[in-house]
Number of protein chains: 2
Amino acid sequence: MIRAPHIYYEKNNLMVEGVMVEKIINEVGTPAYIYSKSSFIDQLKQLKDAFKDYSAIICYSIKACHNTNIIKIFVNEGCGLDIVSGGELYRALKASVDPRKIVYSGVGKTSREITESINAGILMFNVESEQELERINRIGSSLNNKAPVSIRVNPGVDAKTHPYITTGMKENKFGIDSGKVIDIFRLASKMSNIEVCGIDVHLGSQLLNPKPYGEAMKIIAGYVKQLKDENIDIRYVDVGGGLGISYKEEQQAVSVQEYASLITESFIDIPGITFILEPGRFLTAQAGILVARVQYVKDNLYGKRFVIVDTGMHHLIRPPLYGGYHSIIPVRKKSDVRIKADVVGPICESTDFLGKKCLLEEVYQDDLLAVTDTGAYGIVLASHYNSHSLPVEVLVDGAGFKIIRQKETYEDLLYGELT
Amino acid sequence: MIRAPHIYYEKNNLMVEGVMVEKIINEVGTPAYIYSKSSFIDQLKQLKDAFKDYSAIICYSIKACHNTNIIKIFVNEGCGLDIVSGGELYRALKASVDPRKIVYSGVGKTSREITESINAGILMFNVESEQELERINRIGSSLNNKAPVSIRVNPGVDAKTHPYITTGMKENKFGIDSGKVIDIFRLASKMSNIEVCGIDVHLGSQLLNPKPYGEAMKIIAGYVKQLKDENIDIRYVDVGGGLGISYKEEQQAVSVQEYASLITESFIDIPGITFILEPGRFLTAQAGILVARVQYVKDNLYGKRFVIVDTGMHHLIRPPLYGGYHSIIPVRKKSDVRIKADVVGPICESTDFLGKKCLLEEVYQDDLLAVTDTGAYGIVLASHYNSHSLPVEVLVDGAGFKIIRQKETYEDLLYGELT
């Protein structure tokens, strides 16, 4: 579906900002991920506007789309960054972000990653377990440094009333259970190389109903008050990410204003709070398309049509892995006739599909198709399965475009192999 | 589960052939894929023995584990190769295989890939659609060459009686429906730049019951006779791959002798047939382990334990993508106490697990664990998700070992990016 105003048709040609997609493909080939810079910035502006009356740091969640060129766009717009690995710290520093705007989340931080992050001077670690807290304290001590931390809370918001949160939070590897939260804060506040400064929560992914945020924030605000009473000073409230986008016609985009209200209203009477937001999908998903060329159209005797393209699960795994839906549209509109088809890739297994029973405009061999809303959790999950090269990545900025990741050659497939 | 005789415990230490796994890890770090050369060769020997009285070419299916060093092992043992992309053709030629032992399968062959394969002089294309046949003929003509082809048949073996074959073969993108097979062969035999030489079938993956092979071969033998009557000479019968392995205690390994009998018995009265086998998983799965280090052990208030390691879905996606099971065992046995735990990775989503409710020997922070049976569909599906580096790959040969893919650095994560 095209919701980004910068991706549109002009005289039946698909455009990204001022550039014909077909023109880009003529230069770079298929498959190709193409991103619109203005779309990134438009989405960011919505969040900035909604939080303009509050102290807030928008930390782009690198994992959604980790090309350094894209990280730089957000850094240049004043964003901080949400990282989840040493590799992402490396990317963040390459993008010249102020390290004091980096928050580090994730359940598996290694000693090396913690050491590098303390040395870089990040804003804070979102701590996910007691053992992690102890490890950070130990490393802080060995570095003669105090590590800033926030504790990630599993708020236990009732999943039944909010279907986008996975059922059974107790089945979940993330965060600290509600029943343990205050004890962990007390423990942390007594550690000699830990500086407690924040509290963190993350509800899940692709939330289109913002109400669970309000519910969780009531719980978090309660903790913050209790901790302040105990002289544990919480300055940062990290509300995580999870803000959804509409992949389907019938999905309504979330109201960012309502989201901001629900997050902030529980903190009206608590001074000195800075909100940390960790949007990923919300900022990048709708800004990207994955363009492929039709290799074959194949009808079977049971009335089923397959459109076989030169990309698939190795470049976009959301359809088979998450049941993700992406509408698939022509790069050049030629017909109003609609057909039903499975759009599949070249990988030798039935798992390899981009869409099943898609309603497409009639397509022929060698046509170009665009898989929409693929700016998040697309290229970052790509593999070299079946020894296919990764797609080229292109960034469009106004009337111009540039390659931000070059097309791979066969030689690149052997990168790192030793014989 | 350890079935490969070359992976075993000695004085409570996990060994691969003559080498302690812990010793390898001390040199190369974690995470690491470690493969046993003798295990590859043992599995191959089973197939060779079973088909020793027949004309047969065992074509290793590169997609199961595509490191060039591993391909070379099979080539040096006399194998041909089953490829599914131009990238795999490149790897195959790098491994110095005789091109006349390469078969090329897959629904999405591009013009470039077809051109390269004709020029390389491969044994045959397994053709999956009428449009593909036409494209190959066209390219053959432009190259002034005759392209050898086999037609891939969808045999319509009743899925209900054979649960490992996906239900509804008509939902399947592969091959030519039974009702069209003879027509396509007639069409192909009249094309000026096509040389019909084979017939191909592939039933599915991870089959532990060989009976469907017998059923399919009856159908195929019928076609071969009918085609011979029409002077269309079928010399190669490609039986595909799909031979399963036992990932779980209760799974019985397939009898390779029975498999060979079921395949060959329908062709006893048809002279001049060479069988092509395309084993992948069967040759490599049990020869590989993925070794990880425990980062944290975390208990929640609901009695659930999480063992958080430094590898996950980004290095081995079979558990979340296919519901694949891999037993997880200690690199050094220390205790007979068993615990139940989810073994999860560092990726920031609930999809990231290696095993749920695993029965493990008691584990502690910094212990090493081995995820077994990961020599197939492991590293080949790995991604850089969350900007984690790919694991190092190590090949053990007797008392020695060598790195066959080096550990990635942070710099490697930016490979190909242009700024």
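Conventions we followed
- Residues numbered from 1 in each chain as written.
- Chains lettered and ligands numbered in written order.
- Predicted model: local features only at pLDDT ≥ 70, side-chain atom pairs only at ≥ 80, totals over all residues.
- Heavy atoms only, no water.
- Helix = DSSP H or I, 4+ residues; strand = E, 2+ residues; numbered from the N terminus.
- Rg over C-alpha atoms; globule rule 2.2 N^0.38 Å.
- Buried < 20%, exposed > 50% of the residue type's maximum accessible area, 1.4 Å probe, protein only.
- Contact = heavy atoms within 4.5 Å.
- Lys, Arg positive; Asp, Glu negative; His and termini not counted.
- Charge placed at Lys NZ, Arg CZ, Asp CG, Glu CD.
- Salt bridge = Lys/Arg side-chain N within 4 Å of Asp/Glu carboxyl O.
- Pairing = 2+ DSSP bridges.
- Right-handed = clockwise from strand over helix to strand, strands pointing away.
- Buried area = accessible area lost by both parts, 1.4 Å probe.
- Polar contact = N/O pair within 3.5 Å; in protein donor to acceptor, adjacent residues only side chain to side chain.
- Nonpolar A, V, L, I, M, F, W, Y, C, P; charged D, E, K, R; others polar.
- Least-squares fit on C-alpha atoms with pLDDT ≥ 70 in both.
- Domains from an automatic or database assignment.
- Expected span 1.5 Å × (residues − 1).

What about the overall build of chain A?
Point 1. Within chain A, the regular secondary structure consists of twelve helices and 21 strands.
Point 2. Taking 22 Å as the expected radius of gyration for a compact globule of 419 residues, we find that chain A reaches 23 Å, a close match to that expectation.
Point 3. Along the three orthogonal principal directions, the C-alpha set of chain A runs to about 70 × 55 × 40 Å.
Point 4. Counting across all 419 residues of chain A, residues that qualify as buried make up 65%.
Point 5. Long-range contacts, defined here as pairs at least 24 residues apart, represent 69% of the contacts in chain A between residues at least 6 apart.
Point 6. Taken as two groups, the 47 positive and 51 negative side-chain charges of chain A have centres that lie 0 Å from each other.

Quick notes on the pattern of salt bridges
Point 1. Considering all chains together, one arrives at 44 salt bridges over all chains under this definition.
Point 2. In this structure, Asp233 of chain A and Lys228 of chain A form a salt bridge, with 3.2 Å as the shortest nitrogen-oxygen distance.
Point 3. For Lys228 of chain A, a relative accessible area of 27% translates into the label partly exposed.
Point 4. For Asp299 of chain B, the salt bridge is made with Arg305 of chain B, and the minimal N-O distance between the two is 2.7 Å.
Point 5. Overall, the relative accessible area of 38% leaves Asp299 of chain B in the partly exposed class.
Point 6. A cluster of three or more residues bridged by salt bridges with shared partners is formed by Asp183, Arg186 and Glu230 of chain A.

Comments concerning the environment of Val75 of chain B
Residues and elements named next belong to chain B.
Point 1. Looking at the secondary structure, you find Val75 in helix H3 (residues 68–76).
Point 2. Classification of Val75 by relative accessible area gives buried; the value is 13%.
Point 3. For the pair Val75 and Val97, spaced 22 residues apart in sequence, the C-alpha separation works out to 5.8 Å.
Point 4. Sequence-distant contacts of Val75, defined by excluding residues within four places in its chain, comprise Leu81, Ala95, Ser96 and Val97.

Focus: the sheet that holds strand E1 (residues 7–10) of chain A
Residues and elements named next belong to chain A.
Point 1. Ordered in space as E1-E2-E3, the three strands form an open sheet in which the pairing is antiparallel. Each of the sheet's edge strands pairs with one partner strand only, and the pair in question is E1 and strand E3 (19–20).
Point 2. The pairing of strand E2 (residues 13–16) with E3 spans two bridges and is antiparallel. In the strand pairing of E3, Met15 is matched with Met20.

A word on the pairing of strand E5 (residues 56–61) of chain A
Residue and element names in this part refer to chain A.
Point 1. E5 sits mainly inside the fold: five of its six residues count as buried.
Point 2. Sheet topology places E5 next to strand E13 (residues 274–277); three bridges connect them, and they run parallel. Bridge pairing in E13 links Ile57 to Ile276.
Point 3. The pairing of E5 with strand E6 (residues 80–83) spans three bridges and is parallel. For Tyr60, the partnering residue across the bridge sits in E6 and is Leu81.
Point 4. In this region the chain leaves E5, passes through helix H3 (residues 68–76) and returns to the parallel neighbour E6; the handedness of that crossover is right-handed.

Here's the deal with the interface of chain A and chain B
Point 1. With 91 residues of chain A in contact, the opposing surface of chain B contributes 91 residues.
Point 2. For the pair chain A and chain B, the two sides together bury roughly 8200 Å², of which 54% comes from carbon and sulfur.
Point 3. Interface area lost by chain A to chain B is led by Lys173, Tyr296 and Tyr410 of chain A, which between them contribute 10%.
Point 4. Applying the counting criterion to the chain A and chain B interface returns six salt bridges.
Point 5. Inspection of the region where chain A meets chain B yields 53 residue pairs in polar contact (both at pLDDT 80 or more).
Point 6. When residues in the side of chain A that touches chain B are grouped by element, the largest group, six residues, is from helix H4 (residues 86–94) of chain A.
Point 7. Of the residues in the side of chain A that touches chain B, the class split is 32 nonpolar, 30 polar and 29 charged.

What to know about helix H4 (residues 86–94) of chain B
Point 1. Within H4 of chain B, seven of the nine residues are buried, which leaves the element mostly enclosed by the surrounding structure.
Point 2. At its buried positions, H4 of chain B is contacted by helix H12 (410–413) of chain A together with H3, strand E6 (80–83), strand E7 (102–104) and helix H5 (111–120) of chain B.
Point 3. With a side-chain oxygen positioned 3.3 Å from the backbone nitrogen of Gly87 of chain B, the residue opening H4 of chain B is Ser85 of chain B.
Point 4. Ser96 of chain B, located one to two residues past H4 of chain B, shows a positive phi value of around 60°.

Examining the relation of the copies chain A and chain B
Point 1. Least-squares fitting of chain A to chain B yields an RMSD of 0.0 Å, with the transformation described by 0.0 Å of translation along the axis and a rotation of 180°. Expressed as a symmetry operation, the mapping of one chain copy onto the other fits a two-fold axis. The position closest to the rotation axis in chain A is occupied by the C-alpha of Ser383 of chain A, lying 2.4 Å away.
Point 2. When the interface residues of chain A are mapped onto chain B, 100% of them again fall at the interface, so both copies present the same face.

Considering the environment of His6 of chain A
Residues and elements named next belong to chain A.
Point 1. For His6, the position within the fold is in the segment before E1.
Point 2. Sequence separation between His6 and Asn172 is 166 residues, and the spatial gap between their C-alpha atoms is 38 Å.
Point 3. Dropping the residues within four chain positions of it, His6 is found in contact with Met15, Val16, Glu17, Ser36, Ser38, Ser39 and Asp42.
Point 4. Of the polar contacts made by the side chain of His6, one reaches the side chain of Asp42; its length is 2.7 Å.

Description of the environment of Gln257 of chain A
Residue and element names in this part refer to chain A.
Point 1. Structurally, Gln257 is set in helix H9 (residues 256–264).
Point 2. For Gln257, a relative accessible area of 48% translates into the label partly exposed.
Point 3. Sequence separation between Gln257 and Pro330 is 73 residues, and the spatial gap between their C-alpha atoms is 34 Å.
Point 4. Ignoring anything within four residues of it in the chain, the contact list for Gln257 reads Asp49 and Ala50.

Thoughts on the domain arrangement of chain A
Residues and elements named next belong to chain A.
Point 1. The domains assigned to chain A are domain 1 (7–36 + 285–413) and domain 2 (105–279).
Point 2. Computed over C-alpha atoms only, the centres of domain 1 and domain 2 are separated by 36 Å.
Point 3. On the domain 2 side, the residues contacting the six residues of domain 1 number four residues.
Point 4. Taking both partners together, domain 1 and domain 2 bury about 520 Å²; carbon and sulfur atoms supply 57% of that area.
Point 5. Per-residue buried area on domain 1 facing domain 2 is highest for Gln286, Tyr325 and Asp373; these three make up 67% of the total on that side.
Point 6. Run the count over domain 1 and domain 2 and you get zero residue pairs in polar contact (both at pLDDT 80 or more).
Point 7. Among the residues making up the side of domain 1 that touches domain 2, the classes are represented as two nonpolar, two polar and two charged.

Focus on helix H6 (residues 130–142) of chain B
Point 1. Taking 1.5 Å per residue as the helical rise, H6 of chain B with its 13 residues ought to reach 18 Å, and the 19 Å between its terminal C-alpha atoms agrees with that figure.
Point 2. Every buried residue belonging to H6 of chain B is among Glu132, Leu133, Arg135, Ile136, Asn137, Ile139 and Gly140 of chain B, and all of these are buried.
Point 3. Buried residues along H6 of chain B sit against strand E14 (288–299) of chain A together with H5, strand E8 (124–127), strand E9 (147–154), helix H7 (181–190) and strand E11 (194–201) of chain B.

Details of the sheet that holds strand E2 (residues 13–16) of chain B
Point 1. In space, the three strands of this open sheet follow the order E1-E2-E3 (chain B), with antiparallel pairing throughout. Of all the strands in the sheet, just strand E1 (7–10) and strand E3 (19–20) of chain B have a single pairing partner and so form its edges.

Brief notes about unusual backbone geometry
Most peptide bonds adopt trans geometry, and most residues besides glycine take a negative phi value.
Residues and elements named next belong to chain A.
Point 1. Geometrically, the link from Thr30 to Pro31 is a cis peptide bond, its omega value of -10° lying close to zero.
Point 2. Locating Pro31 in the fold gives a position in the loop between helix H1 (21–28) and strand E4 (32–36).
Point 3. Positive phi is not limited to glycine here, since Gln206 has a value of about 55°.
Point 4. If you trace the backbone, Gln206 turns up in the loop between strand E11 (194–201) and helix H8 (211–229).

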